Amino acid sequence: MVLSGKYISGEKILHLANERFAVPEIFFNPSDIGIHEMGIPEAIVYSIQNLPEEMQPHFFKNIVLTGGNSLFPGFRDQVFSEVQSLTPIDYDVSVVLPENPIVYAWEGGKFISENDDFDDMLVTREDYE
């Protein structure tokens, strides 16, 4: 297996055997946005700890993994054990791997868009500005 690459327009172009694909720069240089040696579990805990304290226990109990990388063998168990080790002792941790994590986020968005209250959830450009 040959893996080589070069940077073009802020992305690293990788060559794996005869395949070529682009990966966003941030994947290879997370320090560009202030993340230093932070993996997925650390990013989860960091994000949750920046929420108001009364919300943190709810978020630690409701971690959902999505995307194709979550299908790597042992990924859910590894994320669970690392998040649990980084979490304050008095919080329960739950990490869920949906049946089809590749489309799970899309299905959630579709489900919300079909909700009768969906229009009330939207933020207009005027509201945003």
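Here is a short report on the structure shown in this document. Note that the structure is a prediction, hence the values are computed from the model and not measured.

1. Here we look at the overall build of the chain
When its secondary structure is counted, the chain shows 7 helices and 5 strands. Of all intrachain contacts in the chain linking residues separated by at least 6 positions in sequence, the fraction that spans at least 24 positions is 42%. For the chain, the computed accessible surface area is about 10,100 Å², with 54% contributed by carbon and sulfur atoms.

2. So, a nonpolar patch on the surface
Taken together, the side chains of V64, V96 and Y104 make up a nonpolar region of the molecular surface, amounting to roughly 240 Å² of accessible area. In this structure, V96 sits in strand β5 (residues 95–96).

3. Topic: the pattern of salt bridges
Tallied over the entire structure, the rule returns 3 salt bridges. Taking the shortest distance from any N to any O, the salt bridge between E114 and K110 comes out at 3.1 Å. Judged by its relative accessible area of 39%, K110 is partly exposed. Here R125 makes a salt bridge to E129, at a shortest N to O gap of 3.3 Å. With respect to burial, R125 and E129 carry one shared label: exposed.

4. Section: the packing of helix α2 (residues 40–49) against helix α4 (residues 75–86)
Direction vectors running N to C along α2 and α4 enclose 45 degrees, while the axes themselves pass 9 Å from each other. With respect to α4, the element α2 is oriented oblique. The two elements α2 and α4 cross, and the hand of that crossing is right-handed. Facing α2, whose interface residues are I40, P41, E42, I44, V45 and Q49, α4 presents F75, V79, E82, V83 and L86. Of the residues that constitute the contact of α2 with α4, the class distribution is 8 nonpolar, 1 polar and 2 charged.

5. Remarks on α2
Those residues of α2 lying buried are P41, I44, V45 and I48. Seen end-on, α2 carries its buried residues on one side only, within an arc spanning 90 degrees. Looking at the buried positions of α2, the neighbouring elements they touch are α3 (56–60), β4 (63–64) and α4.

6. Brief notes about a negative patch on the surface
Taken together, the side chains of D116, D117, D119 and D120 present a region of like negative charge at the surface. The topology assignment puts D117 in the loop between α5 (101–113) and α6 (118–121).

7. A few points about the nonpolar core
Listed in full, the 12 residues of the largest apolar core are I44, V45, I48, F60, I63, L65, F75, V79, V83, Y91, V93 and V95. Residue assignment for this core shows that the elements contributing at least two residues are α2 and α4. When residues no more than four places from it in sequence are discounted, the contact partners of I63 are I44, I48, V83, V93, S94, V95 and V96.

8. Observations concerning the side chain of S70
In this fold, S70 is placed in the loop between β4 and α4. Judged by relative accessible area, which is 2%, S70 ranks as buried. In terms of polar contacts, S70 uses its side chain to reach the backbone carbonyl oxygen of G67, at 2.6 Å. Excluding its chain neighbours within four sequence positions, the residues that come into contact with S70 are L65, F75, L97 and P101.

What counts as what
Residues numbered from 1 in each chain as written. Predicted model: local features only at pLDDT ≥ 70, side-chain atom pairs only at ≥ 80, totals over all residues. Heavy atoms only, no water. Helix = DSSP H or I, 4+ residues; strand = E, 2+ residues; numbered from the N terminus. Contact = heavy atoms within 4.5 Å. Areas by Shrake-Rupley, 256 points an atom, 1.4 Å probe, with all protein chains shown as cover. Patch = residues over 30% accessible without salt bridge, like charges linked within 9 Å, V, L, I, M, F, W, Y side chains within 5 Å. Salt bridge = Lys/Arg side-chain N within 4 Å of Asp/Glu carboxyl O. Buried < 20%, exposed > 50% of the residue type's maximum accessible area, 1.4 Å probe, protein only. Axes fitted to C-alpha atoms, helices over the stretch in contact; angles between N-to-C directions. Parallel < 35°, antiparallel > 145°, perpendicular 65-115°, else oblique. Left-handed = near helix turned anticlockwise from the far one by under 90°. Nonpolar A, V, L, I, M, F, W, Y, C, P; charged D, E, K, R; others polar. Arc of directions from axis to C-beta. Lys, Arg positive; Asp, Glu negative; His and termini not counted. Charge placed at Lys NZ, Arg CZ, Asp CG, Glu CD. Core = buried A, V, L, I, M, F, W, Y, C linked by side-chain atoms within 4.5 Å. Polar contact = N/O pair within 3.5 Å; in protein donor to acceptor, adjacent residues only side chain to side chain.

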